[in-house]
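Listed here are the chains, written in short residue letters.
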Amino acid sequence: MNIRNGLLGLALAGVSAACGAQGAWSPQRNVEIVVASAPGGSNDRTARQVERILTENKLVNVTLTVVNRSGGGGNIAYTYVNQRAGDAHYLLIGTPSLLTNHIIGAGSLYYGDFTPIASLFNDYTVFALNADSPIASGKDLIARLKDPKSVATGFATTFGSHNHIAACLLVKAVGGNVRELKAVAFKGSAEAVTALLGGHIDLVTTAAGNAAPHVAAGRMRVVAAAAPARLSGALANVPTWKEQGVDLVFGGWRAIMAPKGLTPAQIAYWEGVLRKATQVPEWRTDLERNYWSDDFVESQQFRRDLEKDYADMKAVLVDLGLAKQ
């Protein structure tokens with residue numbers, strides 16, 4: 001054996017092993033899953049479901065902690081995570097407020113200030129009315145929205161929220177003026193639903209899970225879902241807008257974001273872990289229970305989706321006169 005060649009081979013093997021070690025990544029200490037709301041809401045439930053599944057299925061080799069940093073319209077949590085650039089031990093439950101807050105000037109941070117890891121699921125918007133409403137179908141609602149002032153529409157939580165945008169997208173799709181929509185913002189979806197059931201407003205745009213119990217009880221009618229396919233359970237008979245000739249698919253996605261500056265190896269680690277998490281039976285059961293739709297999208301495609309969502313939402317908010325960016 002040639003000694004020089006033997007030494008060279010050993011050296012190359014050592015370099016290869018070192019490169020492999022540098023290329024792989026896994027967390028080395030506790031991971032925080034940060035939620036921009038108080039305990040108990042849907043974002044908090046999402047975080048705790050992720051934490052539970054990752055822990056119980058031993059998909060990570062460290063502990064995980066759900067950290068609630070509510071306030072400031074989400075900006076307290078966003079700032080907290082944004083300050084940890086390059087540290088993949090911090091994850092954030094991302095929602096459309098990362099887009100809308102920035103567009104309307106309610107926050108300086110937006111999706112471009114974070115590393116998108118993956119979209120987990122979509123909470124598609126439904127269009128609900130009181131069961132006693134004379135508006136009996138999506139076709140009836142479209143006819144009424146030719147005059148948007150005639151339909152008092154409630155949503156949570158603020159003007160410019162994704163639920164408000166959902167209503168405006170329908171108005172635009174049927175040729176109405178979004179600025180003429182009689183829009184009513186409520187502090188929460190429960191308040192909006194109560195107002196609808198009390199006959200104080202005509203329409204609510206909300207998450208499917210908020211409407212389903214009232215539909216099952218005969219108190220509410222859902223005339224359309226802004227989903228790519230029909231939902232299940234109490235809403236199985238509700239047609240999508242696409243079935244009714246309106247090109248409208250829209251909802252409140254939930255995603256995992258991380259601080260800016262993560263390496264490809266860090267992104268790949270969390271993509272792989274989260275994909276495995278969304279395939280376990282408990283995860284799928286939870287999706288069905290909450291009327292959430294499976295929508296796992298990895299980092300690169302998710303970033304492109306965010307760019308499109310941002311542009312679409314901005315177009316509506318410009319029409320409304322709410323855009324500041």
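As shown above, the structure is provided for reference.
Scoring rules and cut-offs
Note that residues are indexed from 1 along each chain, following the sequence as it is written. Selection of residues for local features in this predicted model requires a pLDDT of at least 70, selection of side-chain atom pairs for listing and counting requires 80 or more, and totals for whole chains, interfaces and linings are taken over all residues. To obtain the side-chain values, all non-hydrogen atoms of the structure were included, while hydrogens and water were left out. Numbering of helices and strands runs from the N terminus; a helix is a DSSP stretch of H or I covering at least four residues, while a strand is a stretch of E covering at least two. Think of it in three bands: residues with accessible area under 20% of the maximum for their type are buried, residues over 50% are exposed, and the middle band is partly exposed, with areas taken using a 1.4 Å probe on protein chains only. Contacts are assigned to residue pairs that have any heavy atoms within 4.5 Å of one another. The method behind every accessible area is Shrake-Rupley, applied with a 1.4 Å probe, and residues are considered shielded solely by the protein chains displayed. Here the axes come from fitting lines to C-alpha atoms, over the contacting stretch only for helices, and the angles between their N-to-C directions go from 0 to 180 degrees. For classification purposes, angles smaller than 35 degrees are called roughly parallel, those larger than 145 roughly antiparallel, those between 65 and 115 roughly perpendicular, and all remaining angles oblique. For this classification, the nonpolar set comprises Ala, Val, Leu, Ile, Met, Phe, Trp, Tyr, Cys and Pro, the charged set comprises Asp, Glu, Lys and Arg, and every other residue, Gly included, is treated as polar. Here a cavity denotes grid points, spaced 1 Å and computed from the protein atoms alone, that fit a 1.4 Å probe unable to get out, and a pocket denotes an open set having protein on both sides within 12 Å along at least 5 of 7 lines; residues with an atom within 4 Å of a point are the lining. Grid points are joined across faces, edges and corners, and a volume is the space filled by probe spheres set on the points. Two strands are counted as paired when DSSP detects at least two bridges linking them.

The next point concerns the overall build of the protein chain. In terms of helices and strands, the protein chain carries 11 helices and 10 strands. C-alpha atoms of the protein chain, sized along the principal axes, occupy 90 × 40 × 35 Å. Evaluated residue by residue, the protein chain yields a buried proportion of 50% over its 325 residues. Residue pairs at least 24 apart in sequence account for 76% of intrachain contacts in the protein chain once pairs closer than 6 positions are excluded. Carbon and sulfur atoms form 52% of the exposed surface of the protein chain, whose accessible area is close to 14400 Å².

Next up on the list: the packing of helix 6 (residues 162–173) against helix 11 (residues 299–320). Look at helix 6 against helix 11: their axes get within 10 Å of each other, and the N-to-C directions meet at 80 degrees. Accordingly, the angle class assigned to the pair helix 6 and helix 11 is roughly perpendicular. Residues His 162, His 164, Ile 165, Cys 168, Leu 169 and Lys 172 of helix 6 pack against Met 313, Val 316, Leu 317, Asp 319 and Leu 320 of helix 11. Each residue belonging to the contact of helix 6 with helix 11 can be placed in one class, and the counts come to 7 nonpolar, 2 polar and 2 charged.

With that settled, consider the layout of surface pockets. Taken as a whole, the largest pocket encloses approximately 970 Å³ of empty space. Every residue lining the largest pocket is counted, 39 residues in all, and those nearest its centre are Ser 42, Asn 43, Thr 157, His 162 and Arg 254. Of the residues belonging to the lining of the largest pocket, the class tally is 11 nonpolar, 25 polar and 3 charged. Size it by volume and the second largest pocket reaches roughly 530 Å³. In this structure, the second largest pocket is lined by 20 residues; those nearest its centre are Val 249, Phe 250, Lys 308, Asp 309 and Asp 312. Sorting the residues of the lining of the second largest pocket by element identifies strand 4 (114–130), helix 6, strand 9 (251–259), strand 10 (293–298) and helix 11 as the ones contributing at least two each. Top element by residues in the lining of the second largest pocket is helix 11. It accounts for 6 residues. Split into classes, the residues belonging to the lining of the second largest pocket amount to 11 nonpolar, 3 polar and 6 charged.

Quick look at the pairing of strand 8 (residues 220–225) now. Among the 6 residues of strand 8, 5 are classified as buried, and the element is accordingly described as predominantly covered. In the sheet, strand 4 pairs with strand 8 via 5 bridges, with the strands oriented antiparallel. Bridge pairing in strand 8 links Val 126 to Ala 225.

Another aspect to go through is the environment of Ala 131. Within the secondary structure layout, Ala 131 lies in the loop between strand 4 and helix 5 (138–144). The class for Ala 131 is partly exposed, based on a relative accessible area of 22%. Measuring from C-alpha to C-alpha, the distance between Ala 131 and Leu 92 comes to 38 Å, with 39 residues separating the pair along the chain. When neighbours within four sequence positions are excluded, Ala 131 is seen to be in contact with Gly 218, Arg 219, Met 220 and Arg 221.

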